[in-house]
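Take a look at the letters that make up each chain.
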Protein chains: 2
Amino acid sequence: MDGIVKVPVALGERSYDILIGEGLAADAGRWFRAVLPKARACIITDSNVSGRHLVAFEKSLRRAGVTASAVVIPAGEASKCFDVFEQVVDQVVGGRYERGDAVVALGGGVVGDLAGFVAGVVRRGMRFVQVPTTLLSQVDSSVGGKTGINSRHGKNLVGVFHQPDLVLADTKVLDTLPEREFRAGYAEVVKYGLIDNADFFASLEKTWRDVFAGGPARTEAIAVSCRSKAAIVARDERETGDRALLNLGHTFGHAIETAAGYSGAVVHGEAVSLGMVLAHDFSVRLNQMSPDDANRIRSHLAEVGLPTRLSEIPGGAPSVSTFMELIGQDKKVQNGALTFILSRGIGEAFIAKDVPAEAVRAFLTDKLSEGQA
Amino acid sequence: MDGIVKVPVALGERSYDILIGEGLAADAGRWFRAVLPKARACIITDSNVSGRHLVAFEKSLRRAGVTASAVVIPAGEASKCFDVFEQVVDQVVGGRYERGDAVVALGGGVVGDLAGFVAGVVRRGMRFVQVPTTLLSQVDSSVGGKTGINSRHGKNLVGVFHQPDLVLADTKVLDTLPEREFRAGYAEVVKYGLIDNADFFASLEKTWRDVFAGGPARTEAIAVSCRSKAAIVARDERETGDRALLNLGHTFGHAIETAAGYSGAVVHGEAVSLGMVLAHDFSVRLNQMSPDDANRIRSHLAEVGLPTRLSEIPGGAPSVSTFMELIGQDKKVQNGALTFILSRGIGEAFIAKDVPAEAVRAFLTDKLSEGQA
Ligand SMILES: NC(=O)c1ccc[n+]([C@@H]2O[C@H](COP(=O)([O-])OP(=O)(O)OC[C@H]3O[C@@H](n4cnc5c(N)ncnc54)[C@H](O)[C@@H]3O)[C@@H](O)[C@H]2O)c1
Ligand SMILES: NC(=O)c1ccc[n+]([C@@H]2O[C@H](COP(=O)([O-])OP(=O)(O)OC[C@H]3O[C@@H](n4cnc5c(N)ncnc54)[C@H](O)[C@@H]3O)[C@@H](O)[C@H]2O)c1
Ligand SMILES: [Zn+2]
Ligand SMILES: [Zn+2]
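The structure presented is a predicted model; accordingly, all values stated were derived computationally and were not measured. (Residues numbered from 1 in each chain as written. Chains lettered and ligands numbered in written order. Predicted model: local features only at pLDDT ≥ 70, side-chain atom pairs only at ≥ 80, totals over all residues. Heavy atoms only, no water.)

You can overlay chain B on chain A at an RMSD of 0.0 Å; the transform is a turn of 180 degrees with a shift of 0.0 Å along its axis. Given the turn and translation reported, the copies of this chain are related as if by a two-fold rotation axis. Most of the interface of chain B is mirrored in chain A, where 100% of its interface residues again form contacts. (Least-squares fit on C-alpha atoms with pLDDT ≥ 70 in both. Contact = heavy atoms within 4.5 Å.)

What follows is the structure, given as structure tokens:
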């Protein structure tokens, strides 16, 4: 097939490839076989994706001689919970899949995070293949091996590092994605520009409509994002250092998402959009970056239709005390100080280890009164 | 303190020490601090152990300046389940323990397996300390990093490899252990002799009463066992080869344990005793070893009071079909063949990769009719 981009993730004996291309899923069986010659496949997918893509996907596996069965979970963040985790584990175990067989995640980040955790714990670790079907999961969650579920105390607090053996990102599959979801995933694409690639951000400002429309511009934006993530993960697989940069916008974002209750009122990428705006505004307030850069970021996110103001949160923004409580759960507050991802400008994010919790509180207090004004 | 034996477990950057000695727990805080200078401790223990050893243990931690809290789970194998797992995870997360803090397992193999799994998944991996309080956990389950819970499809099917940072085996703590439990753990001590150390088996035949009584003979037997396990684990951390030898007696044993329903009618070590007898009898039947060796093994296990005949199982032995069904869940049956640990004599266990399932069935059919005769 033409136009397949291969992005290697260099992790020693846990190395693998991300394959990106239009229509790739039709050849999934062949790619699967090339990497896992003897494995059976236990597909995990969700109730939205199954209707649209499961039959074709299973057919492709079968054509390549891969024995497969499927488990369908309810769509939505609420499935990243203990109950669904237990049910899926039980089905994989009951299906007598072995350590050499593969759990295959066919879906967005919810399916990927849950299925990866299942793959990491059934028989203390099975093979794992990611077939991400949302923009967010293609550029972010399917790469890097973080898996897990939510606890009632916060997002992603329970899980394992479990690298996939293969990631198959079919950019065509995104055509069936609701526009809101595509847009939300786009927030993470923008994130890579903001972390360390100002040129990429500048090109997105010009070409974002093409990325939304599909075709080569989309494939290219996904490939740049994956390369960026792969490089960071290769430097720091277990997040003891640089990998934390990927959390740009996520401390505020997770608080917004948790407060909204994973109900779908705010989806992850929307929360990240708001969180990135807050992180950059906060950087401005701490005299780390210019207001012009922060405005350019906000403008681009707003232009594509992402939320950029707390007042846009359906049901209202969390209170300052809820915010601080949730941030404290997400990040350790040590001697009154927090680790935060701040920025010195577009493409110049950095890890700040001693941000006073009081500065965060004062910033949020002002932001929230603005929002209500 | 005098008479502390240190057994290193050599696993590269995951290496750690097992410390074995009488009264060691009183110094737990100091040992903990030496390995984890800044960590807080979230102790997991069970309802039997907490009344006997928790207060002293917490005091020792406090004396060394370690902040600690405790979670008490119901005693018994039934706690190795999803519900208790979820509850404990929730308490550790709710206690705001970080990745650098430690989950401390104070208890037998049930507490250790569950707590280790919790440590492996909270925030995708916390520090972990084992303080085993049963003979079985001191010589076996606390060493090697296998953690997990049971599924309704079988034992230990869900979990992770998560090595501890330290193992503290206080041989004195075993004085409060019910004799039945001590005896059950002794089955695993015997196992090390049977796998590859005929001299150790011969010495146990002579000195087992001293091991049961306590003092230096007990410490020595535990140290020999730990060295044996440490050597096998260092060779093959993730059980892709030799580590399977540790499953001697466990394929039959797990089936017996699962059939009895983890009710306490048969405890793990008792099932292993029966399983080892079966594995050696089966080896005799396959003309791999002499009936004399098998008889010597049975005699020793019977002498210490361990069950050696299927007819001794309270509630009756599983039927042949139940046995085969459970063995099939435990071990992959490929083209009608099973991988089994067999033996050529005392201290000469080996991995047999192509044991016909039909041979197992025929053997069990005969055994069960004997038992009923
Ligand atoms: N593991 C990581 O490193 C990582 C990184 C970022 C985000 N995440 C996680 O990812 C999750 C968010 O992922 P997401 O945005 O993909 O959410 P998602 O999986 O919930 O997918 C969004 C929605 O789109 C639907 N959908 C998926 N593919 C579709 C398709 N091709 N056509 C039509 N509908 C489709 C889904 O059913 C769902 O309703 C969050 O839980 C977040 O925590 C994880
Ligand atoms: N992870 C591994 O590598 C591995 C290896 C072997 C066995 N195991 C697991 O270990 C478990 C069995 O371990 P176990 O035999 O220690 O069982 P256990 O933890 O249930 O302990 C046995 C009983 O003794 C009590 N007890 C523990 N310490 C005591 C003490 N000092 N004084 C008084 N009572 C005490 C417990 O409350 C329990 O009732 C099984 O679940 C088995 O699967 C794991
Ligand atoms: Zn994200
Ligand atoms: Zn055992």
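Next up on the list: the coordination of the zinc ion (ligand 3). Bound to the zinc ion (ligand 3) on the protein side are Glu188(A) (OE), His250(A) (NE2) and His268(A) (NE2), at distances that span 1.9 to 2.2 Å. Look at Glu188(A) and you get buried, because its relative accessible area is 0%. (Donors = N, O, S within 2.8 Å, 3.2 Å for Na, K, Ca; no water. Buried < 20%, exposed > 50% of the residue type's maximum accessible area, 1.4 Å probe, protein only.)

The next point concerns the pairing of strand β9 (residues 166-170) of chain A. Residue and element names in this part refer to chain A. Counting buried positions along β9 gives 5 out of 5 residues, so the element sits mostly inside the fold. The side-chain alternation of β9 yields two buried faces, one formed by Leu166, Leu168 and Asp170 and the other by Val167 and Ala169. As paired strands, strand β2 (residues 16-21) and β9 are joined by 4 bridges and run parallel to one another. In the sheet register, Leu19 faces β9, and the bridge partner there is Leu168. Here strand β6 (residues 127-132) pairs with β9 via 2 bridges, running parallel. Bridge pairing in β9 links Gln130 to Val167. (Helix = DSSP H or I, 4+ residues; strand = E, 2+ residues; numbered from the N terminus. Pairing = 2+ DSSP bridges.)

Another point: the domain arrangement of chain A. All names here are of chain A. Once the domains are mapped, chain A shows domain 1 (5-177) and domain 2 (229-372). Contact residues are listed per partner, giving 23 residues for domain 1 and 15 residues for domain 2. In total, about 1600 Å² of surface goes out of reach between domain 1 and domain 2, with carbon and sulfur atoms giving 56% of it. Taken as a group, Lys146, Lys155 and Phe161 account for 33% of the area that domain 1 buries against domain 2, more than any other trio of residues on that side. In this structure, the connection of domain 1 to domain 2 is made through 4 salt bridges. Here Asp140 ties to Lys229 by a salt bridge, and the two come within 2.6 Å at their closest N and O atoms. (Domains from an automatic or database assignment. Buried area = accessible area lost by both parts, 1.4 Å probe. Salt bridge = Lys/Arg side-chain N within 4 Å of Asp/Glu carboxyl O.)

What follows deals with the UniProt feature "binding site: Zn(2+)" (unreviewed entry) in chain A. Residues and elements named next belong to chain A. In this numbering, the UniProt entry assigns the feature "binding site: Zn(2+)" (unreviewed entry) to Glu188, His250 and His268. A compact arrangement is adopted by the annotated residues: their sequence extent is 81 residues, whereas the largest C-alpha distance between any two is 10.3 Å. Note on placement: His250 falls in helix α9 (residues 250-260). With a relative accessible area of 6%, His250 lands in the buried category. For His268, the position within the fold is in helix α10 (residues 268-285). (UniProt positions renumbered as here; feature names shortened; annotations may be inferred.)

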